[in-house]
Amino acid sequence: MAGVTLKNVVKRFGSVQVIHGASLEVEDGEFVVFVGPSGCGKSTLLRIVAGLEDASEGEIEIDGMLVNDVEPADRGIAMVFQSYALYPHMTVEQNLSFGLRMNGNPREDTNRRVQKAAEILRINELMKRRPKQLSGGQRQRVAIGRAIVREPEVFLFDEPLSNLDAELRVQMRVEIARLHSELGTTMIYVTHDQTEAMTLADKIVVLRDGKIEQVGKPLDLYDDPANQFVAGFMGSPKMNFMEASVKSASNGSATVKLVNQGGAMITLPVSDGPAVGDRVTVGVRPEHFRAAGQGDCDIDLNIDVAEHLGSTSYIYANTKSGEQLIVEREESRSEVGLEKLTASIPAQQAFLFDAQGKRLN
Amino acid sequence: MRARNRIAYGFLAPYLLIFAVFWIWPIIYSFYLSFLSTRAVPWTWAPHMNWGRLWIDPAFWNALRNTLVILFIQVPVMIALATLLAVLLNSQLLKARGIMRFAFFAPVVVGEVAYAAVFRLMFNADFGVINKILTGVGLPAVSWFSNPTAAMALIIMAVTWRWVGYNAIIILAGLQSIPDDVYEAATLDKVSKTKQFFFITLPLLRPIILVCVVLSVIGTMQLFAEPFLITNRGGPGGATETLGLFLYRQGFTVLNFGYASAVAYTIAGLAIIISLINFWLGRDPK
Ligand SMILES: Nc1ncnc2c1ncn2[C@@H]1O[C@H](COP(=O)(O)OP(=O)(O)OP(=O)(O)O)[C@@H](O)[C@H]1O
Ligand SMILES: [Mg+2]
């Protein structure tokens, strides 16, 4: 068991810098998820931890030891690749035991570990098959099994579920959560699926353009995002963002005008005082909208599409000036077929961001 | 037949005609010829003569032995070298990879006569560069063209030089189809580069190497240009006479087309049998 520490890690490919000074503390036994849009450097950062890429600058520590110059195989990590990377010409059993056999591990111990991994992942019946003869989900299990037999200190997963269909993805997500609670090993998991991130993580690391935007517990990131990017990234459906301009600002609060909502005004508590006339953005999560008159600012909406899911419904609406909003409502049978809706924003649950996306309240 | 198909066959007709006249017909006709006595005009039906003669003709057995010796030494050596070369050409460390790949492929494009002339000069017993080097490092000079064993070695080296790059390029294509992450997984499994080569690369290349072996077997069974041009028509004294050369001599020097046809069918038959054995030996273990 081991924690992982990154200190000011920088990565350049030739002249292109893709990781800009990442620092991070992963506790022993923790499940940490890297999320972020495509190309933000999640895989690169993971591969730096694995040792498959060298850091251009900075330090990587595993279990308190500096590992910058330690061979990947000696870092006590095991990695599961997005493409599975199984050995195509070997059976499942050989895939699992290959590394141990090549390193002269005693046969009984190898067999015991392979057997245990097969049981944990329920792939006993597949042991004599080749990867070609397996479904995507089965291949993924084998890939995870190959990581388990190494008995690593740290598991690294690079989007392990992204090649699976939606149903299997949910199933494997549960399996991975079970694996973590059974083994109790440190895991670093890369995904761009924020549901996976929310459900699996003890701690989420949000990355953008090679920078760590925020680190925190899933619900903390959801309730208290540091900036507009994190606010928009966490949560599904996404947070609504409405353009606004500051009309008046006093100590501890600001009144803003929602420019695309027919000039509706709302007064929000702020910690960092914006100046009058500033362009700002008001953020409201779909589920925080209230019925007309029950919040602090009513806005009139034209309904484009309404998705009625039985327990809740998602209303995709726009205003006269064309701003798109998503409103989540408790399901009400009488609302089916409705064309207009008035929703109300509660000031206590609204977020305010400045033009650079910095959080103001 | 639909009108469209008829038009299509109309366009194909010239090709099919040429194919039939210059390909199919000679194949059939030479089979028929192998049952004729063609030593004197008029040719007469003598079904046992040519095929019977094969068994007892020492010149045929000599050519067969030479061909098989070349085959069993040259093909394995060349394929091993080609595999090694492919790995080197695939290396990230190699500079100017494109030029290097072309350089090793180039011998295939060079005309046979030109390449034979260069080899004759290089291996010339008196002033060739090879003997200069050998004597330079204190070894005795070799009579490449008058010593039977040396002449055989010369043929093997020449054929290998000519075709090794070609096979390396084919194997290189196979190498590039192996995904990087398989090697990364092996690296994480603490498998050394050498073991990766023997336990991952080679098994995954097996189908491609098999194709190269079979193509080389077929090529070597028909070997003609090198012994004809480099060692002076199979010299010294028939020591490098191959089946291809023997066939040529019977057909176009002696003009005994019946016997030459029987030899041709023997060559094709042996090539097929050896190839099938290769496929069988290299089959996917289940
Ligand atoms: N070997 C490389 N050479 C040059 N640039 C690279 C290399 N690998 C990655 N990059 C660049 O680094 C950046 C980060 O890539 P990375 O693969 O880490 O993204 P990611 O967050 O994993 O994206 P995705 O979600 O699509 O997998 C990208 O801009 C990519 O183009
Ligand atoms: Mg990636």
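- Per an unreviewed UniProt entry, the recorded name for chain B is Sugar ABC transporter permease, and the organism is Pelagibacterium lentulum.
- A UniProt comment under Sequence similarities (unreviewed entry) is attached to chain B, and it reads "Belongs to the binding-protein-dependent transport system permease family."
- According to the UniProt record, the Subcellular location (unreviewed entry) comment for chain B is "Cell membrane".

- Per an unreviewed UniProt entry, chain A goes by the name Sugar ABC transporter ATP-binding protein and belongs to Pelagibacterium lentulum.
- Note on chain A: under the UniProt heading Sequence similarities (unreviewed entry), the record states "Belongs to the ABC transporter superfamily."
- In UniProt, chain A has this text filed under Subcellular location (unreviewed entry): "Cell inner membrane".

## Focus on the interface of chain A and chain B
- On the chain B side, the residues contacting the 23 residues of chain A number 17 residues.
- Between chain A and chain B, the buried area comes to about 1,800 Å², and carbon and sulfur atoms account for 61% of it.
- Of all residues in chain A, the largest losses of buried area upon contact with chain B belong to Tyr87, His89 and Met102 of chain A, amounting jointly to 28% of the total for that side.
- At the boundary of chain A with chain B, the tally comes to three salt bridges.
- Between aspartate 74 of chain A and lysine 190 of chain B there is a salt bridge, with the nearest N and O atoms lying 2.8 Å from each other.
- At the junction of chain A and chain B, the tally comes to 10 residue pairs in polar contact (both at pLDDT 80 or more).
- Mapped onto the side of chain A that touches chain B, the elements with two or more residues apiece are helix H1 (42–50), strand S6 (77–80) and helix H2 (92–102) of chain A.
- If one sorts the elements of the side of chain A that touches chain B by residue count, H2 of chain A sits on top with three residues.
- Classifying every residue of the side of chain A that touches chain B gives 14 nonpolar, four polar and five charged.

## Focus: the UniProt feature "transmembrane region" (unreviewed entry) in chain B
Residues and elements named next belong to chain B.
- Summarizing the sequence annotation, UniProt attributes the feature "transmembrane region" (unreviewed entry) to residues 12–35, 68–90, 102–123, 143–164, 197–218 and 257–281 in the numbering used throughout.
- Summarising residues 12–35: 92% helix, 0% strand, and an end-to-end C-alpha distance of 34 Å.
- The span residues 257–281 shows a helical share of 100% and a strand share of 0%, and its end C-alpha atoms are spaced 36 Å apart.

## Remarks on the site of ligand 1
All names here are of chain A.
- Taken together, Phe13, Val18, Ser38, Gly39, Cys40, Gly41, Lys42, Ser43, Thr44, Glu159 and His192 are the residues near ligand 1.
- One of the side-chain nitrogen or oxygen atoms of serine 38 is found 2.5 Å away from an oxygen atom of ligand 1.
- In the model, an oxygen atom of ligand 1 is placed 3.2 Å from a nitrogen or oxygen of the cysteine 40 main chain.
- Coverage of ligand 1 by the protein amounts to 58% of the 640 Å² it exposes when considered alone.
- Per element, the largest residue contribution to the shell around ligand 1 is three residues, and it comes from H1.
- Residues of the shell around ligand 1, tallied by class, amount to three nonpolar, six polar and two charged.

## Structural notes on the pattern of salt bridges
Residue and element names in this part refer to chain A.
- Summed over all chains, the structure comprises 23 salt bridges over all chains.
- For lysine 128, the salt bridge is made with glutamate 93, and the minimal N-O distance between the two is 2.6 Å. Taken together, the residues lysine 128 in the loop between helix H3 (107–121) and helix H4 (136–149) and glutamate 93 in helix H2 connect sequence positions 35 residues apart.
- For arginine 113, the salt bridge identified is with aspartate 109, shortest N-O distance 3.2 Å. In this pair, arginine 113 and aspartate 109 both sit in helix H3, four residues apart, roughly one turn of the helix.
- The exposure class of arginine 113 is buried, given its relative accessible area of 14%.

## Examining the side chain of asparagine 167 of chain B
Residue and element names in this part refer to chain B.
- With respect to the secondary-structure elements, asparagine 167 resides in helix H7 (residues 148–176).
- A distance of 2.9 Å separates the side chain of asparagine 167 from the backbone oxygen of tryptophan 163, its partner in a polar contact.
- Once residues lying within four places of it in the same chain are set aside, the contact partners of asparagine 167 are Met78, Ile79, Ala82, Cys212 and Ser216.

## So, the pairing of strand S16 (residues 297–308) of chain A
Residue and element names in this part refer to chain A.
- Two elements, S16 and strand S19 (residues 340–345), share six bridges in a ladder whose sense is antiparallel. Looking at S19, one finds that leucine 301 is bridged to leucine 341.
- By the bridge criterion, six bridges tie S16 to strand S17 (residues 312–318) in an arrangement that is antiparallel. Along S17, the bridge assignment pairs isoleucine 303 with alanine 317.

## A look at the sheet that holds strand S4 (residues 57–62) of chain A
Residue and element names in this part refer to chain A.
- Taking strand neighbours across the sheet as the criterion, the four strands line up as S2-S1-S4-S5 in an open arrangement whose pairing is antiparallel. Each of the sheet's edge strands pairs with one partner strand only, and the pair in question is strand S2 (16–26) and strand S5 (65–66).
- With five bridges connecting them, strand S1 (residues 4–13) and S4 associate as antiparallel partners. Pairing of leucine 6 across the sheet is with isoleucine 60, part of S4.
- Strands S1, S2 and S4 of the sheet are contacted by H1, whose axis makes an angle of about 115 degrees with S1.

## Points about the environment of leucine 85 of chain B
Residue and element names in this part refer to chain B.
- Secondary-structure assignment places leucine 85 in helix H3 (residues 58–89).
- Taking C-alpha positions, leucine 85 is 8.4 Å from valine 164, a pair spaced 79 residues apart along the chain.
- With sequence-adjacent residues up to four places away left out, leucine 85 is seen in contact with Phe104, Val164, Gly165 and Ala168.

## Some thoughts on the domain arrangement of chain A
Residue and element names in this part refer to chain A.
- What the domain assignment reports for chain A is domain 1 (4–233) and domain 2 (240–353).
- Domain 1 and domain 2 are separated by 39 Å when their C-alpha centres are compared.
- Residue-level contacts link seven residues of domain 1 with six residues of domain 2.
- Across the domain 1/domain 2 interface, buried area totals approximately 630 Å², and carbon plus sulfur atoms make up 56% of it.
- Broken down residue by residue, the surface that domain 1 buries against domain 2 is led by Tyr222, Gln228 and Ala231, which jointly contribute 74%.
- There are zero salt bridges connecting domain 1 and domain 2.
- At the boundary of domain 1 and domain 2, one finds two residue pairs in polar contact (both at pLDDT 80 or more).

Parameters at a glance
- Residues numbered from 1 in each chain as written.
- Chains lettered and ligands numbered in written order.
- Predicted model: local features only at pLDDT ≥ 70, side-chain atom pairs only at ≥ 80, totals over all residues.
- Heavy atoms only, no water.
- UniProt positions renumbered as here; feature names shortened; annotations may be inferred.
- Contact = heavy atoms within 4.5 Å.
- Buried area = accessible area lost by both parts, 1.4 Å probe.
- Salt bridge = Lys/Arg side-chain N within 4 Å of Asp/Glu carboxyl O.
- Polar contact = N/O pair within 3.5 Å; in protein donor to acceptor, adjacent residues only side chain to side chain.
- Helix = DSSP H or I, 4+ residues; strand = E, 2+ residues; numbered from the N terminus.
- Nonpolar A, V, L, I, M, F, W, Y, C, P; charged D, E, K, R; others polar.
- Near = heavy atom within 4 Å.
- Areas by Shrake-Rupley, 256 points an atom, 1.4 Å probe, with all protein chains shown as cover.
- Buried < 20%, exposed > 50% of the residue type's maximum accessible area, 1.4 Å probe, protein only.
- Pairing = 2+ DSSP bridges.
- Axes fitted to C-alpha atoms, helices over the stretch in contact; angles between N-to-C directions.
- Domains from an automatic or database assignment.

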